[in-house]
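# What the coordinates show
The residues making up each chain are set out below.
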Amino acid sequence: MDRTKKLLLENKAWAQSRIDINPEYFSDMAKDQNPEYLWVGCSDSRVPESEITNSNPGQIFVHRNIANLVVNTDINFLSVLSYAVNTLQVPHIIICGHYNCGGVRAALSPNSLGLIDNWIRNIKDTYQIHKLELEQVQSEKEKINKLVEYNVLEQVKNLVHTAIIQKAWHERHAPRIHGWVYDLDSGLIKELVSIKPGIEIDSAHRYEF
Ligand code: CO
């Protein structure tokens, strides 16, 4: 049987199970969305944001890409960010990386992988920034995981450097930005950083409104 048929059958069963619990479930859900979080995560199939946070449809607005990057020329991401911040007015943005990330692993390798090199390049830049600390780490696994953490922190910084965030902070003192890492071995999320609106921003990246 075509494996996608299984997904369609599972979908029917899922929709029915929701209706069994609450007959209004879909008519309520269809009206509007009012999510509290924007999730920026890795595309990795093992890190499904709703599942690992036990969240329901409607709670998390999502952008996922390889290695959860915030790239300031990525029109796809910037559109998601702008909509989440300005229209949905989410109070929280979560950037969630995960240990043993394939994208981060690729950044530590000298091999060229084709087009994706240009995306992974952003992580190589982060490696270069933290080269001294990373070179101290002996085990390859630890080195990857340390770079996973630095990568999240760098993406938090990239987010703070957008005019979208700085304008929202100026106008409504929101959203808060959180940097997390998910551990595939334990299923647990570790909080690396949590940033309140209005923190000091270096002058080169600071906009005035
Ligand atoms: Co990943």
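Up top is the structure these notes are about.
To keep things clear, this report deals only with the structure shown in the data block. Given the structure is predicted, the values throughout are model-derived calculations rather than measurements.

### Side note on the sheet that holds strand β4 (residues 176-183)
The five strands lie next to each other as β2-β1-β3-β4-β5, forming an open sheet whose pairing is mixed. Bordering the open sheet on either side are β2 (60-65) and β5 (188-195), each of which pairs with just one other strand. Taking the axes of each pair of neighbouring strands and ignoring which way they run, one obtains an average angle of 20 degrees across the sheet. Note: strand β1 (residues 37-42) against β2, six bridges, orientation parallel. Note that in β2 the partner of Gly41 across the bridge is Arg64. Set on the sheet, helix α8 (residues 140-160) makes contact with β3 (92-98), β4 and β5; between it and β4 the angle comes to about 160 degrees.

### Describing the packing of helix α6 (residues 117-129) against α8
α8 packs onto α6 with a crossing angle of 105 degrees between their chain directions and a minimal axis gap of 10 Å. As judged from the angle between their axes, α6 and α8 are roughly perpendicular. Of the residues in α8, those in contact with Ile123, Thr126, Tyr127 and Ile129 of α6 are Leu147, Tyr150, Asn151 and Glu154. Residues that form the contact of α6 with α8 fall into these classes: five nonpolar, two polar and one charged.

### Describing the coordination of the cobalt ion
Each donor-metal-donor angle would ideally measure 109.5 degrees in four-coordinate tetrahedral geometry, or 90 or 180 degrees in six-coordinate octahedral geometry. Surrounding the cobalt ion are the protein donor atoms Cys42 (SG), His98 (NE2) and Cys101 (SG), which sit 2.0 to 2.3 Å from the metal. For the cobalt ion, the single-chain donor residues occur in sequence as C-x55-H-x2-C. A residue is classified by how much of its surface remains accessible, and Cys101, at 1% relative accessible area, is buried.

### Some points on a nonpolar patch on the surface
On the surface, Trp14, Ile19 and Phe26 cluster together to form a nonpolar patch covering roughly 240 Å² of accessible area. The topology assignment puts Ile19 in helix α1 (residues 3-21). Residue classification places Ile19 among the partly exposed positions, given a relative accessible area of 35%.

### Here's the deal with the packing of aromatic side chains
All chains considered together, the criterion is met by five aromatic pairs. Their ring planes at 90 degrees and their centres at 4.9 Å tell us that Tyr25 and Phe26 sit as a pair that is edge-to-face. Residue Phe26 is classed as partly exposed on the basis of its relative accessible area, which comes to 30%. For the pair Tyr207 and Phe209, a centre-to-centre distance of 6.5 Å together with 45 degrees between the ring planes defines the contact as tilted. Judged by relative accessible area, Tyr207 falls into the partly exposed class, the value being 44%. Aromatic rings pair up to connect Trp14, Tyr25 and Phe26 into one cluster.

What counts and how
Residues numbered from 1 in each chain as written. Predicted model: local features only at pLDDT ≥ 70, side-chain atom pairs only at ≥ 80, totals over all residues. Heavy atoms only, no water. Pairing = 2+ DSSP bridges. Helix = DSSP H or I, 4+ residues; strand = E, 2+ residues; numbered from the N terminus. Axes fitted to C-alpha atoms, helices over the stretch in contact; angles between N-to-C directions. Contact = heavy atoms within 4.5 Å. Parallel < 35°, antiparallel > 145°, perpendicular 65-115°, else oblique. Nonpolar A, V, L, I, M, F, W, Y, C, P; charged D, E, K, R; others polar. Donors = N, O, S within 2.8 Å, 3.2 Å for Na, K, Ca; no water. Buried < 20%, exposed > 50% of the residue type's maximum accessible area, 1.4 Å probe, protein only. Patch = residues over 30% accessible without salt bridge, like charges linked within 9 Å, V, L, I, M, F, W, Y side chains within 5 Å. Areas by Shrake-Rupley, 256 points an atom, 1.4 Å probe, with all protein chains shown as cover. Salt bridge = Lys/Arg side-chain N within 4 Å of Asp/Glu carboxyl O. Phe/Tyr/Trp six-rings, centres within 6.5 Å; stacked < 30°, edge-to-face > 60°.

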